[in-house]
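These are the residues of each chain, in order.
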Amino acid sequence: MYSQDSFFDLSTRGQVGLALLSLILFVLMVYLTRRGLYRFPFWARMSGAMILFWLFVWVSPQIYYMYYRMIIPDLPLQWVIWPLRDPVKPLQMLLFSYQSTLSSHGQGILGWAIILAATLPRSRSI
């Protein structure tokens, strides 16, 4: 299913770097969701989680493109963020129906992790 994905065109070092960048962004988004939304009522946490996920889907292509520029110096410096005209894209990613790519499916998993981080009760322990 992922055989045509650009991830497999990278060297092993490039793949490891991309996986590490993705892991860092994943942990950062879940942490920001958990720390930033825990004080709010349930409906606000759900809304906040969806907004954070939508922002990630909108901004992350630029972050990944800058990584690709680091490992492929011939790529031109350009703005690759898609216009704010497709509000359905994040919802399609949550349903894993947007595209059959590692990126889309990874973002769908991130979306569910953000929702989970926003909605799980906070422990009262130290």
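The structure presented is a predicted model; accordingly, all values stated were derived computationally and were not measured. (Residues numbered from 1 in each chain as written. Predicted model: local features only at pLDDT ≥ 70, side-chain atom pairs only at ≥ 80, totals over all residues. Heavy atoms only, no water.)

Caption draft 1: Geometry of the overall build of the protein. Regarding its fold elements, the protein presents four helices and zero strands. Written out in order from the N terminus, the α and β elements of the protein read α-α-α-α. Taken over the C-alpha atoms alone, the protein extends approximately 50 × 35 × 30 Å along its principal axes. Per-residue burial for the protein yields a buried fraction of 33% across its 126 residues. The long-range fraction of contacts in the protein, counting pairs at least 24 apart against all pairs at least 6 apart in sequence, stands at 64%. If you average the places of the 10 positive and of the 4 negative side-chain charges in the protein, the two averages end up 24 Å apart. (Helix = DSSP H or I, 4+ residues; strand = E, 2+ residues; numbered from the N terminus. Buried < 20%, exposed > 50% of the residue type's maximum accessible area, 1.4 Å probe, protein only. Contact = heavy atoms within 4.5 Å. Lys, Arg positive; Asp, Glu negative; His and termini not counted. Charge placed at Lys NZ, Arg CZ, Asp CG, Glu CD.)

Caption draft 2: Summary view of the side chain of Gln-107. Position of Gln-107 among the secondary structure elements: in helix H4 (residues 102-119). Residues within four places of Gln-107 in sequence aside, it is in contact with Phe-53, Phe-56, Val-57, Ser-60 and Met-93.

Caption draft 3: Broad picture of the packing of helix H1 (residues 12-37) against H4. Between H1 and H4, the shortest axis-to-axis distance is 8 Å and the interhelical angle comes to 25°. For the element pair H1 / H4, the angle class is roughly parallel. Relative to H4, H1 is oriented so that their crossing is right-handed. Contact with H1, carried on its side by Phe-26, Met-29, Val-30, Thr-33, Arg-34 and Leu-37, involves Ile-109, Leu-110, Ala-113, Ile-114, Ala-117 and Ala-118 of H4 and no other residues of that element. (Axes fitted to C-alpha atoms, helices over the stretch in contact; angles between N-to-C directions. Parallel < 35°, antiparallel > 145°, perpendicular 65-115°, else oblique. Left-handed = near helix turned anticlockwise from the far one by under 90°.)

Caption draft 4: The side chain of His-105, seen in detail. Structurally, His-105 can be placed in helix H4. At 3.5 Å, the side chain of His-105 forms a polar contact with the backbone oxygen of Gln-99. Dropping the residues within four chain positions of it, His-105 is found in contact with Met-1, Tyr-2, Phe-96, Gln-99 and Ser-100. (Polar contact = N/O pair within 3.5 Å; in protein donor to acceptor, adjacent residues only side chain to side chain.)

Caption draft 5: Broad picture of unusual backbone geometry. Of note in this structure, Phe-96 is not a glycine but carries a positive phi near 55°. For Phe-96, the location among the structural elements is in the loop between helix H3 (89-94) and H4. Given the relative accessible area of 39%, Phe-96 is considered partly exposed.

Caption draft 6: The arrangement of the packing of aromatic side chains in detail. Overall, the coordinates contain three aromatic pairs when judged by the stated rule. Judged by centre distance (5.3 Å) and plane angle (85°), the ring pair of Phe-7 and Phe-8 falls under edge-to-face. Residue class for Phe-8 comes out partly exposed when judged on its relative accessible area of 44%. Judged by centre distance (6.3 Å) and plane angle (20°), the ring pair of Trp-54 and Trp-58 falls under stacked. Within this pair, Trp-54 and its partner Trp-58 are both found in helix H2 (residues 42-71), separated by four residues, close to a single helical turn. A relative accessible area of 24% places Trp-54 in the partly exposed class. (Phe/Tyr/Trp six-rings, centres within 6.5 Å; stacked < 30°, edge-to-face > 60°.)

Caption draft 7: A look at the nonpolar core. Residues Leu-18, Phe-53 and Ile-114 are the most contacted members of the largest nonpolar core, which totals 21 residues. Breaking this core down by element, the ones donating at least two residues are H1, H2, H3 and H4. No other element matches H2, which puts seven residues into this core. (Core = buried A, V, L, I, M, F, W, Y, C linked by side-chain atoms within 4.5 Å.)

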